[in-house]
Amino acid sequence: MQPAATQTERNTDIASTVVTTMRQLGVLGLPRNYEIFYEALSGTNRELSLAVVSLSSRPTQDELDQIGRTFFAHNHGPGIVEHARDVIARELEEVASLLRSERSHIEKYGRILDETSSGLSGRSLLSQDLLHKIANAMSVATSSTIDHGRQIASTLRDKTAELESVKSKLEEYKRLADTDPLTQIWNRRAFDKEITRIYNSNKGILFNALILADIDRFKDINDRYGHPVGDKIIQIIAEIFQTSIRGDMFVARTGGEEFALIIEGASEDATYEISERIRALIEQTPFTSSQTGANYGTVTVSMGICMASEADGPEDLYTKADRALYRSKVSGRNRVTKHSTMAGRAGKSWLLYKKD
């Protein structure tokens, strides 16, 4: 870990650089813009850094907001939802107006039929010329009604397509808000919702387990090879996690080098076997540069397991899995620990630590 003073100085340097860079590019000093440049210049997200570098010398606010929606969807959610609400309200009002128009047109057509019927019933004799005029009038009224109905149907189809587009955008926003931009797996926000869901039913409590994982000595990797290499290693490990479990199981990146897996329908022993298999696979994976061929050495993870039935709720489940993860760290790293095997499992001292 860096000394507190050194870390504070580094944060101050980045903050000064961010302000200077934004001023040079003519970027408005909005909090959402500051977040973009701070994350980009601190080097914690390579994709974000590349997106910022590719901006023009005088980026527009629309360009910056597009980056914000991609990498910080949670901050742009109110704007997206407000826009969607306005569009839906406008489209629904237009649909209501169309239906009122169609009702009025049908009522008019009905009056024509009634008047024609009344006129015919009041005459004892009908000339051929009169019948011809009546037929022509009815034909025109019917054709007009049919054409109007077709126009209404066509417009309603267009409105339906526009509303479907809004729905699609909202679903995309939801996906972005719950997705980690670096790894494209679930993020901490999605994890918090998922771990809470476990305790919504007795079935969830009986048949779920939490695995927490942390990359060993990740700070050393960043210090030695740089953040871009660290980001690549995080991406590879995230892919290993995702492809090593069933598609219906949950995996998230919950922090810088921290991951969480929620395993459903497996016993504690089966969950341990899953964890061991993933741990061994990561240890055996070659971490090399595809461009330079540089070998970054062996990368390992430490893991902790807790069954949902061992905890009183989401926070307790996370805390106990975290204790098991810490036991793996202090026992030599690159191992898996079950919370159920730990002696003296309670105790406030477990919370006073830093993993790496």
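Residues numbered from 1 in each chain as written. Predicted model: local features only at pLDDT ≥ 70, side-chain atom pairs only at ≥ 80, totals over all residues. Heavy atoms only, no water.

What about the environment of Asp 322?
Turning to step 1, where the next piece is worked out: Tracing the chain through its elements places Asp 322 in helix H12 (residues 314-330).
Turning to step 2, where the next piece is worked out: For Asp 322, a relative accessible area of 14% puts it in the buried group.
Turning to step 3, where the next piece is worked out: Sequence spacing of Asp 322 and Gly 304 is 18 residues, and the spatial spacing of their C-alpha atoms is 6.3 Å. (Helix = DSSP H or I, 4+ residues; strand = E, 2+ residues; numbered from the N terminus. Buried < 20%, exposed > 50% of the residue type's maximum accessible area, 1.4 Å probe, protein only.)

Section: the pattern of salt bridges
Turning to step 1, where the next piece is worked out: A full pass over the atoms with the stated rule returns 14 salt bridges.
Turning to step 2, where the next piece is worked out: Arg 188 is the salt-bridge partner of Asp 192, the closest N and O atoms lying 3.0 Å from each other. Linking Asp 192 with Arg 188, this pair stays in helix H7 (residues 188-198), spanning 4 residues, or about one helical turn.
Turning to step 3, where the next piece is worked out: A residue is classified by how much of its surface remains accessible, and Arg 188, at 33% relative accessible area, is partly exposed.
Turning to step 4, where the next piece is worked out: For the salt bridge of Lys 329 with Asp 214, the shortest nitrogen-to-oxygen distance reads 2.8 Å. Here Lys 329 is found in helix H12, whereas its partner Asp 214 is found in strand E1 (residues 208-215), with 115 residues between them in sequence.
Turning to step 5, where the next piece is worked out: Residue classification places Lys 329 among the buried positions, given a relative accessible area of 4%.
Turning to step 6, where the next piece is worked out: Taking the relative accessible area as the measure of exposure, Asp 214 reaches 1% and is therefore buried.
Turning to step 7, where the next piece is worked out: Connected via shared salt-bridge partners are Asp 178, Arg 189 and Lys 193. (Salt bridge = Lys/Arg side-chain N within 4 Å of Asp/Glu carboxyl O.)

Digging into the side chain of Asn 33
Turning to step 1, where the next piece is worked out: Of note, Asn 33 is situated in helix H2 (residues 31-42).
Turning to step 2, where the next piece is worked out: When its relative accessible area of 0% is taken as the criterion, Asn 33 is described as buried.
Turning to step 3, where the next piece is worked out: If we skip the residues at most four places from it in the chain, Asn 33 touches Met 22, Val 27, Leu 28, Gln 61 and Leu 64. (Contact = heavy atoms within 4.5 Å.)

Remarks on unusual backbone geometry
Outside of glycine, negative phi angles account for most residues, and trans bonds account for most peptide bonds.
Turning to step 1, where the next piece is worked out: Phi at Gln 184 takes a positive value of approximately 65°, unusual for a residue other than glycine.
Turning to step 2, where the next piece is worked out: In this structure, Gln 184 sits in the loop between helix H6 (128-177) and H7.
Turning to step 3, where the next piece is worked out: We classify Gln 184 as partly exposed; its relative accessible area is 48%.
Turning to step 4, where the next piece is worked out: In this structure, Arg 217 takes a positive phi of about 50° despite not being glycine.
Turning to step 5, where the next piece is worked out: Its location among the elements puts Arg 217 in the loop between E1 and helix H9 (218-225).

Here's the deal with the pairing of strand E3 (residues 258-264)
Turning to step 1, where the next piece is worked out: Of all the 7 residues making up E3, 5 are buried; the element is thus mostly covered by neighbouring parts of the structure.
Turning to step 2, where the next piece is worked out: Both E1 and E3 contribute to a ladder of 7 bridges, which runs antiparallel. Each bridged residue has a counterpart across the sheet, and for Ala 209 the counterpart in E3 is Ile 263.
Turning to step 3, where the next piece is worked out: With 4 bridges joining them, strand E2 (residues 250-253) and E3 adopt antiparallel strand pairing. Bridging from a neighbouring strand, Val 251 pairs with Leu 261 of E3.
Turning to step 4, where the next piece is worked out: Connecting E2 to the antiparallel partner E3 that follows it, the hairpin turn spans 4 residues. (Pairing = 2+ DSSP bridges.)

Keep in mind these numbers describe shape, not what the thing actually does.
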